Amino acid sequence: MMIHTPAGRVGDIAAIGLSSLCLFHCLALPLAAGLLPLAGAWAEAPWVHWAFALTAAPVSMWALTRRPAALPLALGLGGLLLLFAGAAEFPSHETETATTVAGGLIVALAHVLNWRRIPHECAAPER
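**Student:** Looking at this structure, I do not really get the confidence of the model for the protein. What am I missing?
**Tutor:** Should pLDDT be low for a region, the predicted coordinates there are not to be read in detail. Mean pLDDT over the protein stands at 82; residues scoring 70 or higher make up 78%. When the elements of the protein are averaged for pLDDT, helix H2 (residues 37–43) gives the smallest value, 64, and helix H4 (residues 70–87) the largest, 95.

Structure (structure tokens):
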């Protein structure tokens, strides 16, 4: 059984995965930081936040512009802006985690909405 995957669908799946990695980084690494001082240094490193945002932006925009629709595209752009705001610690260092988590969730939602717009093939099970 072979299901053909359109390139846009792969982009949405990749972007959802990147958003999930970002959320894992924002939520799980601070917990691990209490146990492992080295992880704490990595979790707070500014380059990590910029690396996630700079990786998420082109993948997300590629996937969301292949089949443009107003709502997923607007949500994706808004979420990416929040990711970059979090990386820049805007408006403050204290809001960085909340801003980044909100941005990651919004980007993931945009890709889920975009992915649901694709007609999915249902293959009959082989006997």
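After that view of the structure, there is still more to cover.
**Student:** How should the nonpolar core be read in this particular structure?
**Tutor:** Soluble, globular proteins show a tendency: their nonpolar side chains are buried together. Of all hydrophobic cores here, the largest spans 10 residues; its members are Cys22, Leu23, Cys26, Ala53, Ala56, Ala57, Leu80, Leu83, Val101 and Val107. Among the secondary structure elements, those contributing two or more residues to this core are helix H1 (7–35), helix H3 (46–66), H4 and helix H5 (96–116). Residues in contact with Cys26, not counting those within four places in the same chain, are Thr97, Thr100 and Val101.

**Student:** Which parts of the structure should I look at to understand H5?
**Tutor:** Given a rise of 1.5 Å per residue, 21 residues ought to cover 30 Å, and the 30 Å separating the end C-alpha atoms of H5 matches this to within 8%. The set of residues buried in H5 consists of Glu96, Thr99, Thr100, Val101, Gly103, Gly104, Val107, Ala108, Ala110, His111 and Asn114.

**Student:** Explain the pattern of salt bridges to me, please; I cannot follow it from the model alone.
**Tutor:** Once their charged atoms are close, side chains differing in charge can pair, the charge on each being opposite to the other. Counting across every chain of the model gives one salt bridge. The salt bridge partner of Arg67 is Asp12, with a shortest N-O separation of 2.9 Å. Of this pair, Arg67 sits in the loop between H3 and H4 while Asp12 is found in helix H1, placing the two residues 55 residues apart along the sequence.

**Student:** Is there a simple way to explain the packing of H3 against H5 in this structure?
**Tutor:** Two quantities define a packed helix pair, namely the angle between the helix axes and the distance between the axes. Between H3 and H5, whose axes approach to 11 Å, the crossing angle comes to 20°. For the element pair H3 / H5, the angle class is roughly parallel. The handedness of the crossing between H3 and H5 is left-handed. Every residue of H5 that contacts H3 at His49, Ser60, Ala63 and Leu64 is listed here: Glu96, Val107, Ala110, His111 and Asn114. Residues of the contact of H3 with H5, tallied by class, amount to four nonpolar, four polar and one charged.

**Student:** Any chance you could explain the side chain of Ser60 here in plain terms?
**Tutor:** When you line up the elements, Ser60 lands in helix H3. With residues near it in sequence (within four places) discarded, Ser60 still touches Ala15, Leu80, Val107 and His111.

**Student:** Is there a simple way to explain the packing of aromatic side chains in this structure?
**Tutor:** The way to describe two aromatic rings as a pair is by their centre distance and the angle between their planes. Under the criterion given, the structure shown has one aromatic pair. Arranged with centres 5.9 Å apart and planes meeting at 50°, the rings of Trp50 and Phe84 form a pair that is tilted. Placement of Trp50 in helix H3 and of Phe84 in helix H4 is noted, with a sequence separation of 34 residues between them. Owing to a relative accessible area of 33%, Trp50 belongs among the partly exposed residues under this scheme. Overall, the relative accessible area of 25% leaves Phe84 in the partly exposed class.

**Student:** I keep staring at the side chain of His111 and nothing clicks. Help me out?
**Tutor:** Here His111 shows up in helix H5. A polar contact of 3.0 Å, which involves the side chain of His111, links it to the side chain of Ser60. Among residues more than four places away in sequence, those in contact with His111 are Asp12, Ala15, Ile16, Ser60, Ala63 and Leu64.

How each quantity is defined
- The residue count restarts for each chain, going from 1 along the sequence in the order it is written.
- For this predicted model, a pLDDT threshold of at least 70 governs which residues receive local features, and a threshold of 80 or more governs which side-chain atom pairs are given and counted, while totals over whole chains, interfaces and linings are taken from all residues.
- For side-chain calculations, the full set of non-hydrogen atoms in the structure is used, while hydrogens and water are omitted.
- Values of pLDDT, the confidence the predictor places in each residue, fall between 0 and 100.
- For helices the rule is a DSSP run of H or I covering at least 4 residues; for strands it is a run of E covering at least 2, with both sets numbered from the N terminus onward.
- The definition of a nonpolar core used throughout is a set of buried Ala, Val, Leu, Ile, Met, Phe, Trp, Tyr and Cys residues joined through side-chain atoms within 4.5 Å.
- Relative accessibility decides the category of a residue: with a 1.4 Å probe and only protein chains considered, values under 20% of the type maximum give buried, values over 50% give exposed, and everything between is partly exposed.
- It only takes one pair of heavy atoms within 4.5 Å for two residues to be counted as in contact.
- One less than the number of residues in a helix, times 1.5 Å, gives the span that helix is expected to have.
- For this document, the term salt bridge refers to a Lys or Arg side-chain nitrogen within 4 Å of an Asp or Glu carboxyl oxygen.
- An axis is simply a line fitted to the C-alpha atoms; with a helix, the fit covers only the stretch in contact. Between two such axes, the angle follows the N-to-C directions and lies from 0 to 180 degrees.
- We call two directions roughly parallel when the angle between them is under 35 degrees, roughly antiparallel when it is over 145, roughly perpendicular when it lies between 65 and 115, and oblique otherwise.
- If you view the pair so one helix is near and one far, a crossing is left-handed when the near helix is turned anticlockwise from the far one by less than a right angle, and right-handed when it is turned clockwise.
- Each residue is assigned to one class: nonpolar for Ala, Val, Leu, Ile, Met, Phe, Trp, Tyr, Cys and Pro, charged for Asp, Glu, Lys and Arg, and polar for all the others, Gly among them.
- To pair, rings of Phe, Tyr and Trp, with the six-membered ring standing in for Trp, must have centres within 6.5 Å; the planes then decide the type, stacked if under 30 degrees apart, edge-to-face if over 60, and tilted in the middle.
- As used in this structure description, the phrase polar contact means that two N or O atoms lie within 3.5 Å; if the pair is within protein, one of them must be able to donate a hydrogen and the other to accept it, and residues adjacent in sequence are counted only when both atoms belong to side chains.

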